[in-house]
Amino acid sequence: MPFAKGPTVLPTAFCILSGILAELSTTSIRSNECPGLQVLVDPATVKEGDRVTLTCSTTCSLSNNPTYIWYRNSQPVTNKHTATGNTLTIISITYGDTGYYSCAVRGHEGPPSPAVCVMTCWGVAYNPESMCALKGSSVELHSYYSYPPGYTVQDTFWFISDSKNTDLKTNAHYAGRVTYTGSTSNHTLSIRSLNLGDSKDYALRFTTNKNGKWSGVFVPLSVTGLQVLVDPATVKEGDRVTLTCSTTCSLSNNPTYIWYRNSQPVSNQHTSGNMHIIYILYSASPEDAGKYSCAVEGYESLISPESSLNVTYAPRNTTVSVSPPGDIKEGDSVTLTCSSDANPPAHTYSWYKKSGDQSSVVGSDQNYRFENINSEQRGHYYCVAQNGIGQDTSSEVEINVEYAPRNTTVSISPSGDIKEGDSVTLTCSSDANPPVHTYTWHRKNPYPNWVGQGQNVNITAEHSIHYYCTAKNKHGSSVSNDTYLDVHYNPKNTTASVHPSGEVVEGESVSLTCHSDANPPVQNYTWYSHRQGAMSAQLGEGQSYNISNVRAEHSGHYYCTAENKHGASNSSAMLLNVLYSPRNISVSPLSDLKDSVTLTCRSDANPAAHGYTWYRETDDGTVVQGTGMSLSFAAGLSGRYHCEAQNQVGSRNSTAVWVFLAVVFENGDF
């Protein structure tokens, strides 16, 4: 390109087309290289009759006001169209104006700009120009093709990049899954039951008469499955979790995603964005754990594989179960089991027995077993379950050990002395679980006699006797020991006896004994004698009163008094009759002694003398003169007379008396 000579001032900067050599002076000049020419069509979509303006555009203003040249189908445009500057205007376009337009700068005609089709050309357009579809779904690839007037389309088909223009329908991989639909300007490819092998580049090819053939550029189709990404897959309760319904490409049409947990739909309240592609748990709970899957709305049957979310948490809902259930009897085998909801499962268990406010450790396994359980093991038990995150304590469970009555006893109320006639309550007590439901009372006298029922029985104290009770519940019965009801009373039935019994002879020893029925036994015995016409005289104390060498004057009535702390009782009077042989024998005359004499023999004897014998003492000896209490004889029988008195104890003679000349002298004096 020539430049003017002389002192002309050169520009400090200018624009040149890419690939054109510029001659520059030694003066420093900055150049801007344009990347090339480009044809712009206005309007972009053209139909017959429209006014069309084409602009040969650059990214900078070329220097020296260049002249532009226009081409249609690589041939210069005729002058019927208006060319001004860098624009070409077609006032009313017709199909004859159809073609590919390009432009160039005069003097630099090669190469021209890229050609742009105006109105109708050979070509294929796609909508969309790329596609991502879901495995198992169906897809439609829409194409719009064009060709110059005067041609007739004879065949249209789709092919893939590696099939060398082979109709897709003839490919066994697509057998039964491909259909074509379309008209003279559009053609649609439908593929059903997409699989990952369908991810390829697809293009439309059409042929016309006049040996016209055209293939469009390739449209990439990506087939993807759904996959749930869980981040992180294992969390602690309360942590944040993000779940993403992931694909290997971005699905077309901005689909909406549906989420499932354990095959059940979940609410979208945790999803992010309008499409719900991300599911966020800001504070994961154990209820959020499970297997998650996702699907695209409208394609719910094409659900993704499941991915697990594991939420770990400390034990909770810890409970104690008792086996076997129901009543526990002493001697049974019983197992307590500690159960807890925990993730990971509880690895440590501790068992406690509670006593008041205190608890003591009794076991350390998940199961706590009682072999041959006894009543001492009853009480409240609970367990603590622990894993690596924390621990939880169960509620208490009561172990109620049932057993038959035992340690059955009888108590008496009131306590202390019980007197005859008092009201007394007998109470039966027993250790039993469940409590005794039946009490039965008996007394021994000496054989058992039924008294009554009930834990308490009221009686009137009559006499001392043994009582016992039987306590019964559903597991058995127990009998108390005999309990003696000791009934106190005043001395009664008090009697006095003499030993030896029978007749008492003067000179013997006699023992008087007082007997009395009393409770408590008699503490004091007192002896009294009572003679007719005289006051009772106290003789002594003690249960027995002994008389050695008893004499006649001891004869009389005797009685005793028996006394305990409740009172006293007198025996009936007992006669002590002392027998003795006759004594104090005397002879006395009973007549005036004139014609005859009567002598009477008198004596003191017990029993009274039952026989008398009279004797007369002569020089020749003693002669029995007669018997009987009195002796009568003639006055001429003088002499010494005496009598002998006899009873069952013995006999004794009187003092002799003289009978002389019918005059009686005491002691033989006359």
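Everything numeric in this text was worked out from a predicted model, so none of it was measured.

### What to know about the overall build of the protein
Part 1 of the argument: The helix and strand tally for the protein stands at 0 helices and 63 strands.
Part 2 of the argument: Counting only C-alpha atoms, the protein reaches 245 × 65 × 35 Å along its principal axes.
Part 3 of the argument: Within the protein, residue pairs in contact and separated by at least 24 positions form 58% of the contacts whose partners lie at least 6 positions apart.
Part 4 of the argument: As displayed, the protein offers around 36200 Å² of accessible surface, 46% of which is attributable to carbon and sulfur atoms.
Part 5 of the argument: Distance from the positive charge centre (42 side chains) to the negative charge centre (57 side chains) of the protein: 17 Å.

### Things to note about the confidence of the model for the protein
Part 1 of the argument: Averaged over all residues, the pLDDT of the protein equals 86, while 90% of them reach at least 70.
Part 2 of the argument: Taken as a whole, residues 1–14 scores under 50 in pLDDT and shows 18 contacts with residues more than four places along the chain or in a different chain.
Part 3 of the argument: Scored below 50 in pLDDT, residues 662–666 makes 11 contacts in the model with residues more than four places away or belonging to other chains.

### Overview of the state of the cysteines
Part 1 of the argument: Here the structure, examined in full by the defined rule, presents 7 disulfides.
Part 2 of the argument: Residue Cys-514 pairs covalently with Cys-560 via a disulfide, S to S 1.9 Å. On the sign convention where negative means left-handed, the S-S torsion of about 70° between Cys-514 and Cys-560 marks this disulfide as right-handed. You can see Cys-514 sitting in strand S48 (residues 510–519) and its partner Cys-560 sitting in strand S52 (residues 556–564), a full 46 residues away along the chain. Each member of the pair, Cys-514 together with Cys-560, is buried.

### Describing the environment of Gln-523
Part 1 of the argument: Along the chain, Gln-523 turns up in the loop between S48 and strand S49 (524–530).
Part 2 of the argument: For the pair formed by Gln-523 and Lys-419, sequence separation is 104 residues and the distance between their alpha carbons is 17 Å.
Part 3 of the argument: Other than its neighbours up to four places away in sequence, Gln-523 contacts Glu-563, Asn-564 and Lys-565.
Part 4 of the argument: One polar contact links the side chain of Gln-523 to the main-chain amide nitrogen of Lys-565, over a distance of 3.2 Å.

### Describing the pairing of strand S41 (residues 448–453)
Part 1 of the argument: Here strand S40 (residues 438–444) pairs with S41 via 5 bridges, running antiparallel. In the strand pairing of S41, His-442 is matched with Trp-450.
Part 2 of the argument: Where S40 hands over to S41, the hairpin turn is made up of 3 residues, counted between the paired strands.

### Regarding the side chain of Thr-89
Part 1 of the argument: By secondary structure assignment, the location of Thr-89 is in strand S8 (residues 87–90).
Part 2 of the argument: Aside from chain neighbours lying at most four places away, what touches Thr-89 is Arg-51, Val-52, Thr-53, His-81 and Thr-82.

### Here's the deal with the sheet that holds strand S11 (residues 123–127)
Part 1 of the argument: Ordered in space as S11-S13-S16-S15, the 4 strands form an open sheet in which the pairing is antiparallel. Every other strand in the sheet has two partners, leaving S11 and strand S15 (178–182) as the edge strands with one partner each. Strand-to-strand twist of the sheet, defined as the mean angle between neighbouring strand axes without regard to direction, takes the value 25°.
Part 2 of the argument: When strand S13 (residues 139–146) meets strand S16 (residues 186–191), the two strands line up antiparallel, connected through 6 bridges. Paired with Tyr-144 across the bridge in S16 is Asn-186.

### Observations concerning unusual backbone geometry
Part 1 of the argument: That bond from Asn-127 to Pro-128 is cis: its omega, 0°, falls within 30 degrees of zero.
Part 2 of the argument: If you trace the backbone, Pro-128 turns up in the loop between S11 and strand S12 (131–134).
Part 3 of the argument: Put simply, His-499 and Pro-500 share a cis peptide bond, and its omega is 0°.
Part 4 of the argument: If you trace the backbone, Pro-500 turns up in the loop between strand S46 (487–499) and strand S47 (504–505).

### Points about the sheet that holds strand S55 (residues 578–589)
Part 1 of the argument: The 4 strands lie next to each other as S47-S55-S56-S59, forming an open sheet whose pairing is mixed. Whereas interior strands pair on both sides, the edge strands pair on one side only; in this sheet they are S47 and strand S59 (630–634).
Part 2 of the argument: Bridge count for strand S56 (residues 596–606) against S59 is 5 bridges, and the pairing is antiparallel. Its bridge partner lying in S59, Leu-599 is registered against Leu-631.

### Here's the deal with the packing of aromatic side chains
Part 1 of the argument: Overall, the coordinates contain 19 aromatic pairs when judged by the stated rule.
Part 2 of the argument: Residues Tyr-279 and Tyr-292 carry aromatic rings whose centres are separated by 5.9 Å and whose planes lie at 45° to one another, so their mutual orientation is tilted. Of this pair, Tyr-279 sits in strand S26 (residues 278–281) while Tyr-292 sits in strand S27 (residues 290–296), and the two are 13 residues apart along the sequence.
Part 3 of the argument: Here the aromatic cluster, defined as three or more aromatic residues joined through ring pairs, consists of Trp-122, Tyr-145, Tyr-147, Tyr-151, Phe-206 and Trp-214.
Part 4 of the argument: Looking at Lys-492, its charged tip hangs above the ring of Tyr-489, at a distance of 4.4 Å from the centre.
Part 5 of the argument: In this structure, Arg-583 packs its charged tip against the face of Tyr-580, placed 4.2 Å from the ring centre.

Parameters and conventions
Counting restarts for each chain: residues are numbered from 1 in the order of the written sequence. Reporting of local features is limited, given that this is a predicted model, to residues whose pLDDT is at least 70; pairs of side-chain atoms are given and counted only at 80 or more, and all residues count toward the totals for whole chains, interfaces and linings. The basis for every side-chain value is the complete set of heavy atoms in the structure, and neither hydrogens nor water enter the calculation. Think of it this way: any DSSP run of H or I at least four residues long counts as a helix, any run of E at least two long counts as a strand, and we number them from the N terminus. By definition in these notes, contact holds between two residues if any of their heavy atoms fall within 4.5 Å. Areas reported here follow the Shrake-Rupley algorithm with a probe of radius 1.4 Å; residue values treat only the protein chains shown as occluding. We count Lys and Arg on the positive side and Asp and Glu on the negative side, and we leave His and both chain ends out. By convention, charge coordinates are those of NZ in Lys, CZ in Arg, CG in Asp, or CD in Glu. pLDDT measures how confident the predictor is about each residue, on a scale from 0 to 100. The disulfide criterion is simple: two cysteine sulfur atoms within 2.5 Å. Three exposure classes are used, based on accessible area relative to the maximum for each residue type with a 1.4 Å probe and protein chains only: buried under 20%, partly exposed in between, and exposed over 50%. In protein, a polar contact requires one atom able to donate a hydrogen and another able to accept it; more generally it is a pair of N or O atoms within 3.5 Å, and residues adjacent in sequence count only if both atoms are side-chain atoms. Note: two strands are recorded as paired if DSSP finds a minimum of 2 bridges between them. Angles shown run from 0 to 180 degrees and are taken between the N-to-C directions of axes, each axis being a line fitted to C-alpha atoms and, for helices, limited to the stretch in contact. Working definition: rings of Phe, Tyr and Trp (its six-membered ring) pair if their centres are within 6.5 Å, and the pair is stacked with planes under 30 degrees apart, edge-to-face with planes over 60 apart, and tilted otherwise. Charge over a ring is defined by NZ of Lys or CZ of Arg lying within 6 Å of the ring centre and within 35 degrees of the ring normal.

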